[in-house]
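# A closer look at the structure
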Amino acid sequence: MSISLIRGKAVICRALDNETVEVIEDGAVVQQDGTILAIGPYEDLITQYQPDHILGSPHHIILPGFVNGHHHVGLTPFQLGSLDYPLELWFATRLGARRVDPYLDTLYSAFEMIASGITTVQHIHTWRNGPAATWPALAEQVIQAYQDIGMRVSYSFAARDQNRLVYEADDVFLQRLPADLAAAVDDLLKDQRVPFPEYLNLFAHLWQRWQHHPSGRVNIQLAPANLHWCSDQALQLQQDYAQKYQVPVHLHLVETIYQKIYAQRRTGKTAVQHLQDLGLLGPHLTLGHGVWLTEGDIDILADTGTHICHNASSNLRLQSGIAPLNAFTQKGISVAIGLDEAGLNDDRDMLQEMRLVLKLHRVPGLDALVPKAAQVFRMATEQGAKTTGFGDSIGTLAPGKAADLVLMDWRKLAYPYLDADIPLIEAVLHRGRSTAIDMVMINGNVVLENGRFTGVDRDAVLATLAEQLQAPLTEAEEHRRRLAKTIFPYMKQVYDGWLSETNGQPFYGQNCRH
């Protein structure tokens, strides 16, 4: 059982609050078998532990590994043919996406995530047709990809039992279509109409298979897809399973203004009020997006300890709006950061996403509450960790925690000059790039070193993926692509007149339409 010491110019252990971080200058981290034994001054630890291996250098900044709190796919939707339409129309374009090998697809985005310092991902598996008998093998390929590359994953398979194409019942939508088109769409939906107990069976199977896996790098969660995709019965069943198995739940909610209106139409109240009435809120629940929450909703979430995952890039790309992060902060809500389908550069770069979150919410006013560097760092580490089921072991660097950490070359941040008065965390948030990351360690294992992935041959994986995707579209893929284009205007028509039901503007000005 060898001991390794990772040294640096400084160790950023954790955010103490939204303004400050804990830093050890000329520090080091000592780990054994994936667990941190000690953190402190390098000179003290090198003498005390006499490690078998020394990593890092006096030029490195040591950080906790980042957490991508909301992730779905490998190749981005844009790469697979979907432009950045508003979400409700973007769903139509996704129907025409070609099939990609799930193992290689998962590795593709894992390469990008790790290269930007992400050590843990919340993988929410979506858009999967039946039969349910195919799901376990599909999930296995995704989880195995993370195992092979050495990443930590909280995996869930998104569940839904209604409204599969638009925010109304499938049979009602079919009635809007010409007879021949309705028949084709109905045939498409047949593969998606899976009895809801099959989702619960899959969860139980994966939980038994992976939750206590010797690697210690897999958690299994529940993911009711969204309020419009789940009946109250489906929501209650998943809540029951969450309590029975003591696992977290991740739920997309009010991502767009149309989802806000849907909730009001369906329940006569806000989506959050409805979830509260159902008894679903609490520290075990994370709400993905939360763009169109009301002030009252935010108070309820704060009172119940419910988490939010902020997906800034996705919300901008799909015209969903800007989540009221400053209001979340004011109420003390714990907020994670998610890259969702892809970031602004159509990749998974957490450093870039952190910078976007830092700058996006800088509202005018000399005394305005706006994000600080320490706050955004905390969102990407400790607060993200709380949503994954790994919260007790990751997100900060401290004795007894998992050795998930990132080494960033300070010279690449500060060259050719950086004023000495600039705080360290500010330099990391404002100037950090993936090119400055020299090493990523997960559970004590070096998974990225000097641009090379130690567990998987990146070049070989990408070459295989590229070769597979040179094949022409299958007949079924061509059919779905034609169908997606045909039903696009009918899906758009569903929402005619909805915005007249908004009853005024949102309470935060960034989402005002006029």
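The following refers to the structure shown. (Residues numbered from 1 in each chain as written. Predicted model: local features only at pLDDT ≥ 70, side-chain atom pairs only at ≥ 80, totals over all residues. Heavy atoms only, no water.)

All right, on to the overall build of the protein then. When helices and strands are tallied, the protein shows 19 helices and 19 strands. Here the C-alpha coordinates of the protein stretch approximately 80 × 55 × 45 Å along the principal axes. Split into buried and exposed, the 514 residues of the protein put 60% on the buried side. Here the protein has roughly 20400 Å² of accessible surface; of this, 50% comes from carbon and sulfur atoms. Counting 42 positive and 57 negative side-chain charges, the protein places the averaged centre of each group 3 Å from the other. (Helix = DSSP H or I, 4+ residues; strand = E, 2+ residues; numbered from the N terminus. Buried < 20%, exposed > 50% of the residue type's maximum accessible area, 1.4 Å probe, protein only. Areas by Shrake-Rupley, 256 points an atom, 1.4 Å probe, with all protein chains shown as cover. Lys, Arg positive; Asp, Glu negative; His and termini not counted. Charge placed at Lys NZ, Arg CZ, Asp CG, Glu CD.)

If you walk across this open sheet you meet the 4 strands as S8-S9-S10-S11, and the pairing is parallel. Each edge of the open sheet is held by one strand with a lone partner, namely strand S8 (66–71) and strand S11 (218–220). Pairwise comparison of adjacent strand axes, ignoring direction, gives a mean angle of 15 degrees for this sheet. Pairing of S8 with strand S9 (residues 118–125), which is carried by 4 bridges, proceeds in the parallel orientation. Residue pairing for S9: phenylalanine 66 is matched across the bridge by isoleucine 118. The strands touched by helix H14 (residues 350–360) within the sheet are S8 and S9, with S8 carrying the most contacts at an inclination of about 80 degrees. (Pairing = 2+ DSSP bridges. Axes fitted to C-alpha atoms, helices over the stretch in contact; angles between N-to-C directions. Contact = heavy atoms within 4.5 Å.)

What the 7 strands build is an open sheet, ordered S3-S2-S7-S16-S17-S18-S19; its pairing is mixed. Both edges of this open sheet fall to strand S3 (21–25) and strand S19 (452–453), since each of them pairs with a single strand only. Together, strand S2 (10–15), S3, strand S7 (60–64) and strand S16 (405–409) form the strand contacts of helix H17 (residues 424–431), whose direction differs from that of S2 by roughly 85 degrees.

Right, let's talk about the packing of aromatic side chains for a bit. Under the definition given, this model contains 18 aromatic pairs. Pairing tyrosine 167 with tyrosine 495 gives two aromatic rings, centres 5.3 Å apart and planes at 75 degrees, and the pair type is edge-to-face. Placement of tyrosine 167 in the loop between strand S10 (152–157) and helix H5 (170–175) and of tyrosine 495 in the segment after helix H19 (475–493) is noted, with a sequence separation of 328 residues between them. Taking relative accessible area as the criterion, tyrosine 495 reaches 7% and is therefore assigned buried. (Phe/Tyr/Trp six-rings, centres within 6.5 Å; stacked < 30°, edge-to-face > 60°.)

Within S16, 5 of the 5 residues are buried, leaving the element largely enclosed by the surrounding structure. Of the two faces of S16, both are covered, the one formed by Leu405, Leu407 and Asp409 as well as the one formed by Val406 and Met408. Pairing between S7 and S16: 5 bridges, direction antiparallel. Bridge pairing in S16 links isoleucine 62 to leucine 407. Across 4 bridges, the pairing between S16 and strand S17 (residues 437–442) is antiparallel. Note that in S17 the partner of leucine 405 across the bridge is methionine 441.

The analysis is restricted to geometry; functional conclusions fall outside its scope.
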